[in-house]
Amino acid sequence: MLPAMSRLQGATILVTGASSGIGRALCLDLLDCGAAVLGVTRRPGALPDGVAPIEADLTERDQLAGIFQELGRIDALVNCAGVAYMSRISDGNPADWEEMWRVNVMALAHCCQLSLRHFPTDGGRIVNISSMSGHRVPPTGGFYAPTKFAVRAITDALRAELKAAGSLVQVACVSPGFVDTPLLELYFRGREEMLEKAKQSMNMLTAEDISAAILGILEAPPHVEIGDVLMRSADQKV
């Protein structure tokens, strides 16, 4: 029996943070589904073959606006771009806080807003990547956790606004626990022994695991709205 054709065949999907981690894994899966993939990144050379590169720094508002000024129709936006530093409230570096806020919150919200005019009249989908740290604050959550709580709040607020306006655009949020990606290494910078212990204690989620969850949202029939997905390794205790 031949496999069923993906609902994403021929769709145009815009992915931020497309050159590494979850974003890169998603781009590869979307290409396999027959989608046209637009990848936003500061490192276009790291994109998978077949992804249309859009080079931009999402923290620069003019560059971000320029992406959407030149954009045609899209069927979905997936906000994978993110920064993670283990930076405490009590003694962390405010420069780290600012970078996380600008990337994880402001850039994501701006992309959501600017994408709305590019969806077809029969709807589209936005998927925002949050974190389990946006559902509870772990001991090392620091300033990172508040940025991910903000992603959840932005998702809920936008969903409510679109419903009130009668829009058919759907908004979802995926909140993973530990995922073995370069972002995790950034989070544990200077604490490599702690990271190694964490990896030894659990079979961590992979970028491909998260991509599969995102695909489930994007491929759902139009009458099925998946709002929030929480996922973590079965070995992760918090």
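Criteria and thresholds
- Residues numbered from 1 in each chain as written.
- Predicted model: local features only at pLDDT ≥ 70, side-chain atom pairs only at ≥ 80, totals over all residues.
- Heavy atoms only, no water.
- Helix = DSSP H or I, 4+ residues; strand = E, 2+ residues; numbered from the N terminus.
- Rg over C-alpha atoms; globule rule 2.2 N^0.38 Å.
- Buried < 20%, exposed > 50% of the residue type's maximum accessible area, 1.4 Å probe, protein only.
- Contact = heavy atoms within 4.5 Å.
- Areas by Shrake-Rupley, 256 points an atom, 1.4 Å probe, with all protein chains shown as cover.
- Lys, Arg positive; Asp, Glu negative; His and termini not counted.
- Charge placed at Lys NZ, Arg CZ, Asp CG, Glu CD.
- Pairing = 2+ DSSP bridges.
- Right-handed = clockwise from strand over helix to strand, strands pointing away.
- Arc of directions from axis to C-beta.
- Expected span 1.5 Å × (residues − 1).
- Bend = angle between axes of the 7 residues up to and from the residue.
- Polar contact = N/O pair within 3.5 Å; in protein donor to acceptor, adjacent residues only side chain to side chain.
- Phe/Tyr/Trp six-rings, centres within 6.5 Å; stacked < 30°, edge-to-face > 60°.
- Disulfide = S-S within 2.5 Å.

1. Overview of the overall build of the protein chain
(1) Moving on: Each helix and strand in the protein chain was counted, giving seven helices and seven strands.
(2) Moving on: Secondary structure elements of the protein chain occur, N-terminal to C-terminal, as β-α-β-β-α-β-α-β-α-β-α-α-α-β.
(3) Moving on: Taking 18 Å as the expected radius of gyration for a compact globule of 238 residues, we find that the protein chain reaches 17 Å, a close match to that expectation.
(4) Moving on: Seen along its three principal axes, the alpha-carbon backbone of the protein chain occupies a region of about 50 × 45 × 40 Å.
(5) Moving on: A total of 238 residues make up the protein chain; the buried ones form 51% of that total.
(6) Moving on: Excluding contacts between residues fewer than 6 apart, the proportion of contacts in the protein chain whose partners are at least 24 apart in sequence is 68%.
(7) Moving on: Taken as a whole, the protein chain presents about 11,700 Å² of accessible surface, with 53% of it coming from carbon and sulfur.
(8) Moving on: Where the 21 positive side-chain charges of the protein chain centre and where its 27 negative ones centre are 5 Å apart.

2. Topic: the pairing of strand β5 (residues 125-129)
(1) Moving on: Within β5, five of the five residues are buried, which leaves it mostly tucked inside the rest of the structure.
(2) Moving on: Both faces of β5 are covered, namely the face carrying R125, V127 and I129 and the face carrying I126 and N128.
(3) Moving on: Pairing between strand β4 (residues 76-79) and β5: four bridges, direction parallel. Each bridged residue has a counterpart across the sheet, and for V78 the counterpart in β5 is V127.
(4) Moving on: Chirality of the crossover, the property in question, places the unit of β4, helix α3 (residues 94-115) and β5 among those that are right-handed.

3. Examining the environment of A35
(1) Moving on: Following the sequence through the fold, A35 ends up in the loop between α1 (21-32) and β2 (36-41).
(2) Moving on: The contacts of A35, once residues within four sequence positions are left out, are L8, G10, A11, I13 and L30.

4. A look at helix α2 (residues 61-69)
(1) Moving on: Every buried residue of α2 is accounted for by L64, I67 and F68. Along the axis of α2, the buried residues cluster in a sector spanning 90°; they form a single face. Opposite the buried face of α2, at more than 90 degrees from it, the exposed residues are D62 and Q69.
(2) Moving on: Where α2 is buried, its residues contact β1 (12-16), β2, β3 (52-55) and α3.

5. Focus on the pairing of β4
Consecutive side chains along a regular strand alternate between the two faces of the sheet.
(1) Moving on: Neither face of β4 is left uncovered, since the one carrying A76 and V78 and the one carrying L77 and N79 both have all their residues buried.
(2) Moving on: Here β1 runs beside β4; their pairing, made up of four bridges, is parallel. Looking at β4, one finds that I13 is bridged to A76.

6. Re α3
(1) Moving on: With 22 residues, α3 should cover 32 Å at 1.5 Å per step; its first-to-last C-alpha distance of 30 Å lies within 8% of that length.
(2) Moving on: Its axis deflected by about 35° at R102, α3 carries its strongest bend there.
(3) Moving on: Among all positions in α3, only D96, M100, V103, N104, V105, A107, L108, H110, C111, C112, L114 and S115 are buried.
(4) Moving on: On its buried side, α3 packs onto β1, α2, β4, β5 and α4 (144-164).
(5) Moving on: Where α3 begins, one side-chain oxygen reaches toward the backbone nitrogen of A95, 2.9 Å away; that side chain belongs to N93.

7. A closer look at the packing of aromatic side chains
(1) Moving on: Scanning all chains against the criterion turns up five aromatic pairs.
(2) Moving on: When the centroid spacing of 5.7 Å and the interplanar angle of 55° are considered together, the rings of Y144 and Y187 count as tilted. Linking Y144 in helix α4 with Y187 in helix α5 (residues 182-187), this pair joins segments that are 43 residues apart in sequence. Like Y187, Y144 is buried.
(3) Moving on: Each ring, one from F178 and one from F188, has its centre 6.0 Å from the other, and the planes form 45°; the classification is tilted. Pair noted here: F178 is in the loop between β6 (170-176) and α5 and F188 is in the loop between α5 and α6 (192-201), with a separation of 10 residues, a long-range link.
(4) Moving on: For F178, a relative accessible area of 22% translates into the label partly exposed.

8. With respect to the state of the cysteines
Two cysteines, two sulfur atoms, one covalent bond between them: this is a disulfide.
(1) Moving on: For the structure shown, the criterion picks out zero disulfides.
(2) Moving on: As a non-bridged cysteine, C33 has C27 as the owner of its nearest cysteine sulfur, 12 Å distant.
(3) Moving on: Sulfur of C173: no disulfide; nearest cysteine sulfur belongs to C112 and is 9.7 Å away.
(4) Moving on: The exposure class assigned to C173 is buried, which follows from its relative accessible area of 1%.

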